[in-house]
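Observations on the three-dimensional arrangement
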Amino acid sequence: MSEQLLGRIHSFESFGTVDGPGIRFVVFMQGCPMRCLYCHNPDTWKIGSGGDVYSVDDVFNQIMKYKNYIKKGGVTISGGEPLVQIEFVTELLKRLKAQGLHTAVDTSGITFVKNSAATLAKFDALLEVTDLFLLDVKHIDPVKHKALTGKENKNPQDFMQYLADHNKSVWIRYVLVPGYSDDEHDIEALHTYLSRYRNIEKIEVLPYHTMGIAKYQNLNIPYPLEGVQKPSKEVIDRTKEILGVKSHANK
Ligand code: SF4
């Protein structure tokens, strides 16, 4: 029963414009197993505690108040890592799709395990009700991926393949961090990797920023990228050029 399915939610944004097409209601789920050095939402990390507890009904009813504003955009479930709570997300999106709303999920794919039948069944159900995946590709190099996020990139890459096999629409998001994810050889390797997939509709390069520093101070966590500056316009432009951002853009 959907009424009994509960989820931990960090926050909501009623008029989001950067997480998918059009004006969107964005749900930021609590909990993430990654520890990206550049993460600007460390307050979403805790799994099983933190955030506020809502039923699917609660969230659905809240979103419905904005239906007229988001009917040409849609709803995006972000985080944290939203698929830590995949059953809740799937049930919520199922109800939103039944209202004719466009649905998107912003994920790293880290919770995808391709050899687990139980996991695949959950992801198959999710795909049924998700129009678009915003896939956060953290790094193409396995060693640098682990250094940057604390996790290996096997599950995310398996998830990309799974989305391609199911011909699901994907927008790639890549955070450009000076000294960590801006090496031209890595960007070229990333381009080669992404070029295999015909289901990628768009690539977004997101320049690293320092707006999350205050949250680290509030949580008393040392900021891991102390002293790292934003990437220069030249590096951003060069990265976009290598990744062929314009040729992938669909809006
Ligand atoms: S996956 Fe997202 S929420 Fe999780 S640590 Fe990385 S940037 Fe933060």
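Notes on the structure in this doc start here. By convention here, each chain's residues receive numbers from 1 onward along its written sequence. Per-residue local features are limited, in this predicted model, to residues with pLDDT of at least 70; the limit for side-chain atom pairs, both in listing and counting, is 80 or more; totals at the level of whole chains, interfaces and linings are taken over all residues. As a rule here, side-chain values cover all heavy atoms of the structure and leave hydrogens and water aside.

1. Observations regarding the packing of aromatic side chains
Stacked, tilted and edge-to-face are the three classes assigned to paired rings of Phe, Tyr and Trp, where Trp is represented by its six-membered ring and a pair needs centres within 6.5 Å; plane angles under 30 degrees give stacked, over 60 edge-to-face, the rest tilted. Counted according to the given criterion, the structure contains 15 aromatic pairs. Taking the centre distance of 5.5 Å and the plane angle of 65° together, the rings of Phe123 and Phe159 count as edge-to-face. With Phe123 in helix H4 (residues 117–128) and Phe159 in helix H6 (residues 154–165), this residue pair connects regions lying 36 residues apart in the sequence. In this scheme, a residue with accessible area under 20% of its type's maximum is buried, one over 50% is exposed, and one in between is partly exposed, where area comes from a 1.4 Å probe on protein chains only. Classification of Phe159 by relative accessible area gives buried; the value is 0%. Ring centres 4.9 Å apart and planes at 85° place the aromatic pair Tyr216 and Tyr223 in the edge-to-face group. A relative accessible area of 1% means that Tyr216 is categorised as buried. Counting from the N terminus, the helices are the DSSP runs of H or I reaching at least four residues and the strands are the DSSP runs of E reaching at least two.

2. Looking at the site of the ligand
Put simply, a residue is near a molecule or strand once any heavy atom of it comes within 4 Å of that molecule or strand. Every residue near the ligand is listed here: Cys32, Met34, Arg35, Cys36, Cys39, Thr44, Trp45, Gly80 and Lys138. As a working rule, the residues Ala, Val, Leu, Ile, Met, Phe, Trp, Tyr, Cys and Pro are called nonpolar, Asp, Glu, Lys and Arg charged, and the rest polar, with Gly in that last group. For the shell around the ligand, the class distribution of residues is five nonpolar, two polar and two charged.

3. Some words on empty space enclosed by the protein
Cavity: a set of points on a 1 Å grid over the protein atoms alone where a 1.4 Å probe fits but cannot get out. Pocket: an open set with protein on both sides within 12 Å along at least five of seven lines, its lining residues, like those of a cavity, having an atom within 4 Å of a point. Grid points are joined across faces, edges and corners, and a volume is the space filled by probe spheres set on the points. Applying the stated criterion across every chain yields a total of one cavity of 30 Å³ or more. Here the largest cavity defines a volume of roughly 70 Å³. Secondary-structure elements contributing two or more residues to the lining of the largest cavity are strand S6 (132–136) and H6. Broken down by element, the residue count for the lining of the largest cavity peaks at three residues, all from H6. Among the residues making up the lining of the largest cavity, the classes are represented as five nonpolar, five polar and two charged.

4. Let's talk about the pairing of strand S8 (residues 200–207)
A pair of strands is considered paired only if DSSP assigns at least 2 bridges between the two. Sheet analysis places strand S7 (residues 169–176) next to S8, joined by seven bridges and oriented parallel. Directly across from Val175, in S8, lies its bridge partner Leu206. Each parallel crossover has a hand, and for S7 linked through helix H7 (residues 184–195) to S8 it is right-handed. Seen with the strands pointing away from the viewer, any crossover whose path from the first strand over the helix to the second strand runs clockwise is right-handed.

5. A few points about the pattern of salt bridges
For salt bridges, the criterion is a side-chain nitrogen of Lys or Arg within 4 Å of an Asp or Glu carboxyl oxygen. For the structure on display, the rule yields 13 salt bridges. Here Glu87 makes a salt bridge to Lys122, at a shortest N to O gap of 3.1 Å. With Glu87 in helix H3 (residues 86–97) and Lys122 in helix H4, this residue pair connects regions lying 35 residues apart in the sequence. When salt bridges that share partners are traced, they join Asp19, Asp106, Arg173, Lys202 and Glu204 into one network.

6. Side note on the packing of H3 against H4
The axes are straight lines fitted to the C-alpha atoms, using for helices just the contacting stretch, and the angles between their N-to-C directions are given from 0 to 180°. Packing of H3 against H4 brings their axes to within 9 Å, and their N-to-C directions diverge by 25°. With respect to each other, H3 and H4 are oriented roughly parallel. H3 and H4 meet at a crossing whose hand is left-handed. In contact with Ile86, Glu87, Val89, Thr90, Leu93 and Lys97 of H3, H4 contributes Lys122, Phe123, Ala125, Leu126 and Glu128. For the contact of H3 with H4, the per-class residue count stands at six nonpolar, one polar and four charged. Working definition: roughly parallel below 35 degrees, roughly antiparallel above 145 degrees, roughly perpendicular at 65 to 115 degrees, and oblique for all remaining angles. If you view the pair so one helix is near and one far, a crossing is left-handed when the near helix is turned anticlockwise from the far one by less than a right angle, and right-handed when it is turned clockwise. We call two residues in contact when some of their heavy atoms are within 4.5 Å.

7. Digging into the environment of Lys240
Position of Lys240 among the secondary structure elements: in helix H9 (residues 233–243). Apart from the residues within four sequence positions on either side, Lys240 is in contact with Val205 and Val245.

8. Overview of the side chain of Lys168
Relative to the assigned elements, Lys168 resides in the loop between H6 and S7. A polar atom in the side chain of Lys168 sits 2.6 Å from the backbone oxygen of Thr130. Setting aside residues no more than four positions away along its own chain, Lys168 makes contact with Leu127, Thr130, Phe133, Leu163 and Asn199. In protein, a polar contact requires one atom able to donate a hydrogen and another able to accept it; more generally it is a pair of N or O atoms within 3.5 Å, and residues adjacent in sequence count only if both atoms are side-chain atoms.

9. A short note on H9
Among the residues of H9, those classed as buried are Ile236, Thr239, Ile242 and Leu243. Along H9, the residues classed as buried sweep out an arc of 130° about the axis, all on the same side. Of the exposed residues in H9, those oriented more than 90 degrees away from the buried face are Lys233, Glu234 and Glu241. A positive phi of about 60° marks Gly244, the residue just after H9. In this description, the arc belongs to the directions extending from the helix axis to the C-beta atoms.

10. Regarding the sheet that holds strand S5 (residues 103–107)
Overall, mixed pairing links the eight strands, which are arranged S3-S1-S2-S4-S5-S6-S7-S8 in an open sheet. The open sheet is flanked by strand S3 (52–55) and S8, the only strands paired with a single partner. Each strand axis lies, on average, 30° off the axis of its neighbour in the sheet, ignoring direction. Of the strands in this sheet, strand S1 (6–16), strand S2 (24–29), S3 and strand S4 (74–78) touch helix H1 (residues 56–64), which is tilted by about 85° from S3.

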